[in-house]
Amino acid sequence: MDCQLDIFFLEAILNGLLLAGLLALLALGLNLIFGVIDVVWICYAELVMVGMYSINYAYKGGAPFLAAALIGVLLIALAGMVMHYLVIRPVLDSAPINQLLVTGGMLFVLQAGATMVFGIEFRNIGIRLGSYQLFDMSFAYSRIVTFAVAISAMVLLWQFLQRTYIGIAIRAIAQDRAIMPLMGVDQRRVYLVTSAIGGGLAGLAAALMVLQFDIYPQIGLQFGPLIFMICVLGGLGNMIGGFIAAFIISEFIAIGGSCFATEWGYAVAFLFFMVMIFIRPQGLFGGKS
Amino acid sequence: MKLSPSTIIGVAALLLLPVAVRFLFPDAEKYYLHLLIQILIWSFIYTGWSLMGRFGLTSLGHGAFTGIGAYVMVLLWNYAGITPWIGIPVAVVVAVIVALLVGYPCFHLRIVGHYFALLTLALTEFVRLVIVGLRDYTGGSLGTQPRRYADGISLYAIQFEPDRVLAYYIALALWAAGLYIWWRVDRSMDRYALDAASQDEDAAESVGINVTREKLKITAISAAMCAVGGAIYAQYQMFIVPDTIAGLSVSLNIVFAVIAGGMWVMLGPTVGAVFTQMLSEVLRVSIQGSTTMQAWFGQGALALDTMIYGLLLILFIIYMPKGILGTILEWRGKKSAPPPAPARKAEVIASRS
C-alpha cells in the first residue's frame with residue numbers, strides 16, 4: 001500500500017467527487033425508469049455506449065459538438081421509446097424477472113451490434129479541454145464540465161417532475177400503479193414519455209462521457225453494474241440519495257484506485273453494496289416501507 | 001427409477017456416441033467430441049442453475065460459483081500441490097459458504113425479484129474483480145493454466161484433456177449425476193415446499209414450511225453443482241480466463257441457455273446447452289467460411305452470434321417463456337391427452353372475454 005494523506009490523496013477524493021456527478025446522472029435515468037415502470041434496464045449502459053458512438057460520428061462528420069450532443073440525446077431518447085414499445089411492453093404483465101432478462105437480451109444485441117458496425121478499436125473524439133491547476137493538483141476541465149452539467153440536469157428533471165402535468169403524472173404512477181389509470185392518466189403514454197426521458201438522460205451522459213473516455217463496445221460493462229448499485233443504494237425515486245450513493249461508490253473507486261489497484265476499489269464497492277442491502281434493504285436513505 | 005425403453009435406448013446411444021463419431025467423422029473426431037464435451041459440461045452447470053431458477057430464484061450470481069470452483073481448485077493445485085481430489089471439495093465448500101453468506105440474509109429479508117437479481121449480479125462482479133485483483137496468483141484477466149501433471153492424463157491430478165474419449169465419458173458421467181440430482185430434488189418434499197414458497201411465501205410459512213431453510217438448501221446444492229462444473233471445465237480446457245468462467249457474461253449465458261431450453265423440465269437445460277452451443281458453432285463456422293460477412297464486418301463479424309443470441313433471448317422470453325423443450329412437451333401433452341371438458345369450456349370463455 002503506497003497511500004499517504006498527502007495532496008494527491010486529496011486530489012483523488014476530489015476527482016471521486018467529480019466522477020460522482022457523472023455516476024449520479026447515469027443512475028438518474030435508470031432510477032426514473034425503475035421507479036415508474038418497475039423495470040430495470042440491464043442494458044442502460046449499453047444505450048449510453050451507442051449514444052457515445054453516435055455523438056462521435058456526428059462530431060467527426062462535421063457537426064459542432066453541441067449539435068452532435070443534441071443528436072445523441074434525441075437518438076437515445078428515441079431508442080428508449082422504441083425499446084420500451086417493442087421489448088418491454090409485451091412482458092409488462094409477466095414475472096418481474098422476465099423484464100430484467102429481455103433487457104439482458106438487449107445488452108447482447110447492442111454490444112454485439114456495436115462490435116459489428118463500429119469494430120473493436122478504441123475510439124476517441126479528440127476534444128481536449130485541458131485541465132485546471134490548483135496547488136499541485138490537476139482537474140480535467142472535462143470532468144468539471146461533466147459535474148456541472150450532471151447537477152444541472154438533475155435540478156431540471158426535478159423541476160420538471162414537480163411543475164409539469166406529465167411530470168406529476170409520472171410521480172403519481174410511481175406511487176400507485178393501479179389507481180392512476182382509473183383517475184384518467186394514460187399509463188401507456190406516461191411509460192413512453194418516461195422511457196424517452198430515461199433514454200435522453202443516457203444520451204446526455206454519453207455526451208459528457210465522450211469528453212473523458214475512449215469509446216469501445218464493452219464500455220457498458222464497466223459502468224453498468226455500478227449504476228445498478230447506486231440506483232438501489234440511493235433508494236428508488238430519491239435523487240439526493242442517488243447522488244450520495246454515487247458519491248460513496250465513486251470514492252471507493254477513486255481512493256481504492258489511487259491506493260491499490262482499480263479492481264480492488266470496485267470490489268470493495270460491490271462488497272459494500274451487498275452488505276448495505278442486508279442492513280438497509282430499503283436503500284441508504286429510503287424511508288421504512 | 002423405472003426405466004422406459006426409450007430411456008434405455010437413449011443411454012445406450014450416449015454411451016456409443018464416441019464410436020459413432022469415430023466412424024462418421026474420422027477426420028474431425030476430436031472436434032466433434034469437443035463439441036459434445038462442452039455441451040455436457042455446460043448442461044451440468046445449467047441444470048444446477050435451474051434447480052434454483054425453476055422456483056423463481058433467478059440468480060445472476062452463478063458466474064461467481066463456476067469461477068470459485070475453477071480458480072480455487074487450480075490455485076490449490078498450482079501453488080500448494082494439492083490434488084483436485086481435495087481441491088474440488090474445498091472449492092465446493094467455499095462456493096457453498098459464499099452462497100449461504102449471501103443467501104441467508106437474502107431469504108431472511110425476503111429479497112426477491114429485481115433486487116435478488118441485482119444483488120447476485122453484484123456478487124458475480126465481486127468474485128470476478130477479486131480474481132482479477134489477485135493477478136499475481138490468478139494471472140488477472142489474462143487467465144491461468146492448471147499445471148500439467150506428467151503427460152496430461154492422470155488420475156491423481158484428475159487431468160484427462162489429451163484423451164477426448166475419456167473426457168467424453170467423464171463429462172457424460174457428470175451430466176448424468178446432474179440429472180440424478182434434479183430427479184431426486186423433483187421427487188422430494190423440498191420441491192413441493194419450494195413450489196409453494198415461490199407462489200406465496202406467507203401462505204407457505206403459515207402451513208409450517210421453513211421457507212428460508214428450504215431456499216438455502218436448494219441454493220447450496222445449486223452453488224455446489226456450479227462449482228464442480230467450473231472445476232471440471234477448467235480441467236478439460238486446461239486454461240481459464242475470468243471472462244469465460246466467472247463474471248456477468250457467464251451468468252447471463254447460463255440464464256439464456258436455460259430459458260431457451262426450458263427450466264421447468266429435467267432435460268430443458270440440456271436442450272438449452274445443445275441449442276446454444278450448436279448455434280454459436282454453426283454461426284462461427286459459417287461466418288469464417290463467408291467472405292462477404294468478413295468483408296462487411298471484418299473482425300466484428302464474430303459478434304454476430306452474440307447478436308443473434310440476444311435477439312433470440314428476447315423472442316424466447318416474449319413468445320416462448322417455457323423454452324424449446326417445455327413448449328414441445330406442452331404440445332405433445334395437449335395432443336395425447338386433451339384436458340377434461342370443463343377446463344376447455346373455461347378456456348373458451350376466457351378467450352372470448
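Everything quoted here is computed from the prediction, not taken from an experiment.

### Structural notes on the overall build of chain A
Right, so step 1: Counting its secondary structure elements, chain A contains 10 helices and 2 strands.
Right, so step 2: Relative to the 2.2 N^0.38 estimate, which gives 19 Å for 289 residues, the radius of gyration of chain A is 19 Å and therefore close to what a compact globule would have.
Right, so step 3: C-alpha extents for chain A along the principal axes are approximately 60 × 50 × 35 Å.
Right, so step 4: Classification of the 289 residues of chain A by burial places 50% in the buried group.
Right, so step 5: Across chain A, contacts joining residues at least 24 apart in sequence account for 75% of those joining residues at least 6 apart.

### Overview of the overall build of chain B
Right, so step 1: The secondary structure content of chain B amounts to 17 helices and 0 strands.
Right, so step 2: The C-alpha radius of gyration computed for chain B amounts to 21 Å, which stays within 12% of the reference 20 Å derived for 353 residues, consistent with globular compactness.
Right, so step 3: Summarising its shape, the C-alpha atoms of chain B cover approximately 65 × 50 × 45 Å along the three principal directions.
Right, so step 4: Per-residue burial over chain B gives 44% buried out of 353 residues.
Right, so step 5: For chain B, the share of sequence-separated contacts (at least 6 apart) that also reach a separation of at least 24 residues comes to 73%.

### Here's the deal with the nonpolar core
Inside soluble globular proteins, nonpolar side chains tend to come together where they are buried.
Residue and element names in this part refer to chain A.
Right, so step 1: Among the nonpolar cores identified, the biggest contains 207 residues, and Leu-23 and Ile-227 are the most heavily contacted of them.
Right, so step 2: Looking at which element gives the most residues to this core, the answer is helix α1 (residues 7–37), with 17 residues.
Right, so step 3: When sequence neighbours within four positions are dropped, the list of residues in contact with Ile-227 reads Leu-23, Leu-26, Ala-27, Leu-30, Tyr-44 and Ala-45.

### Focus: the packing of helix α3 (residues 62–80) of chain B against helix α10 (residues 211–237) of chain B
Residue and element names in this part refer to chain B.
Right, so step 1: α10 packs onto α3 with a crossing angle of 50° between their chain directions and a minimal axis gap of 7 Å. Here α3 is positioned oblique relative to α10, judged by the angle of their axes. In terms of crossing hand, the pair formed by α3 and α10 is right-handed. Every residue of α10 that contacts α3 at His-62, Phe-65, Thr-66, Gly-67, Ile-68, Gly-69, Ala-70, Met-73 and Val-74 is listed here: Ala-223, Cys-226, Ala-227, Val-228, Gly-229, Gly-230, Ala-231, Tyr-233 and Ala-234.
Right, so step 2: Its residues assigned to classes, the contact of α3 with α10 shows 12 nonpolar, 6 polar and no charged.

### Remarks on α1 of chain A
In an α-helix, one turn spans 3.6 residues; hence positions three or four apart end up facing the same way.
Right, so step 1: In a regular helix each residue adds 1.5 Å, so 31 residues correspond to 45 Å; α1 of chain A covers 45 Å between its end C-alpha atoms and thus fits that length.
Right, so step 2: After α1 of chain A finishes, the residue Asp-38 of chain A shows a positive phi value of roughly 65°.

### Notes on the interface of chain B and chain A
Right, so step 1: Counting from both sides, the interface comprises 41 residues of chain B and, opposite them, 41 residues of chain A.
Right, so step 2: When contributions to the side of chain B that touches chain A are tallied by element, the ones reaching two or more residues are α4 (84–108), α5 (113–133), α12 (248–261) and α15 (304–319) of chain B.
Right, so step 3: Sort the elements by how many residues they give to the side of chain B that touches chain A and α5 of chain B lands first, with 15 residues.
Right, so step 4: Classifying every residue of the side of chain B that touches chain A gives 31 nonpolar, 9 polar and 1 charged.

### Looking at unusual backbone geometry
Residue and element names in this part refer to chain B.
Right, so step 1: The phi dihedral of Ile-158 is positive, around 45°, even though this residue is not glycine.
Right, so step 2: Summarising the element assignment, Ile-158 is placed in the loop between α6 (135–138) and α7 (164–186).
Right, so step 3: We classify Ile-158 as partly exposed; it has 19 C-beta atoms within 10 Å.
Right, so step 4: Even without a glycine there, the phi angle at Met-238 is positive, about 60°.
Right, so step 5: Looking at the element boundaries, Met-238 is found in the loop between α10 and α11 (242–245).
Right, so step 6: Met-238 gets classed as partly exposed once you count the C-beta atoms within 10 Å, which come to 16.

### Quick word on the environment of Gly-224 of chain A
Residues and elements named next belong to chain A.
Right, so step 1: By secondary structure assignment, the location of Gly-224 is in helix α8 (residues 219–234).
Right, so step 2: Using a count of 24 C-beta atoms within 10 Å as the deciding quantity, one classes Gly-224 as buried.
Right, so step 3: Taking the C-alpha atoms as reference, Gly-224 lies 20 Å from Val-149; in sequence the two are 75 residues apart.
Right, so step 4: For Gly-224, the contacting residues outside a window of four places in its chain are Tyr-44 and Ala-45.

### Examining helix α2 (residues 44–60) of chain A
Residues and elements named next belong to chain A.
Right, so step 1: Over its 17 residues, α2 runs 25 Å from end to end, which matches the ideal 24 Å to within 8%, given 1.5 Å per residue.
Right, so step 2: Burial runs high along α2: 14 of the 17 residues are buried.
Right, so step 3: A positive backbone phi angle near 115° is found at Gly-62, which sits one or two residues after α2.

### Brief notes about the packing of helix α8 (residues 189–199) of chain B against α10 of chain B
All names here are of chain B.
Right, so step 1: One way to put it is that α8 packs onto α10 with a least axis distance of 10 Å and a crossing angle of 115°. Between α8 and α10 the crossing geometry is left-handed. Listed contacts from α10 to Asp-190, Ala-193, Leu-194 and Ala-197 of α8 are Val-211, Glu-214, Lys-215, Lys-217 and Ile-218.
Right, so step 2: Partitioned by chemical class, the residues of the contact of α8 with α10 number 5 nonpolar, no polar and 4 charged.

### Some details on the confidence of the model for chain B
Right, so step 1: Confidence along chain B averages 84 in pLDDT terms, with 93% of residues attaining 70 or more.
Right, so step 2: Taken as a whole, residues 338–353 of chain B scores under 50 in pLDDT and shows 1 contact with residues more than four places along the chain or in a different chain.

### Observations regarding the environment of Gly-61 of chain A
Residues and elements named next belong to chain A.
Right, so step 1: Tracing the chain through its elements places Gly-61 in the loop between α2 and α3 (65–88).
Right, so step 2: Overall, the presence of 9 C-beta atoms within 10 Å leaves Gly-61 in the exposed class.
Right, so step 3: Between the C-alpha atom of Gly-61 and that of Ser-138, which follows or precedes it by 77 residues, the distance is 32 Å.

### Here we look at the environment of Ala-267 of chain A
Right, so step 1: Looking at the element boundaries, Ala-267 of chain A is found in helix α10 (residues 262–279).
Right, so step 2: Taking the number of C-beta atoms within 10 Å as the measure of exposure, Ala-267 of chain A has 23 and is therefore buried.
Right, so step 3: Taking the C-alpha atoms as reference points, Ala-267 of chain A and His-84 of chain A, separated by 183 residues in sequence, lie 32 Å from one another.
Right, so step 4: Among residues more than four places away in sequence, those in contact with Ala-267 of chain A are Phe-126, Leu-129, Val-130 and Gly-133 of chain B.

Parameters and conventions
- Residues numbered from 1 in each chain as written.
- Chains lettered and ligands numbered in written order.
- Predicted model: local features only at pLDDT ≥ 70, side-chain atom pairs only at ≥ 80, totals over all residues.
- Helix = DSSP H or I, 4+ residues; strand = E, 2+ residues; numbered from the N terminus.
- Rg over C-alpha atoms; globule rule 2.2 N^0.38 Å.
- Buried ≥ 20, exposed ≤ 12 C-beta atoms within 10 Å, placed from the backbone.
- Contact = placed C-beta atoms within 7 Å.
- Core = buried A, V, L, I, M, F, W, Y, C linked by C-beta atoms within 7 Å.
- Axes fitted to C-alpha atoms, helices over the stretch in contact; angles between N-to-C directions.
- Parallel < 35°, antiparallel > 145°, perpendicular 65-115°, else oblique.
- Left-handed = near helix turned anticlockwise from the far one by under 90°.
- Nonpolar A, V, L, I, M, F, W, Y, C, P; charged D, E, K, R; others polar.
- Expected span 1.5 Å × (residues − 1).
- pLDDT = per-residue confidence, 0-100.

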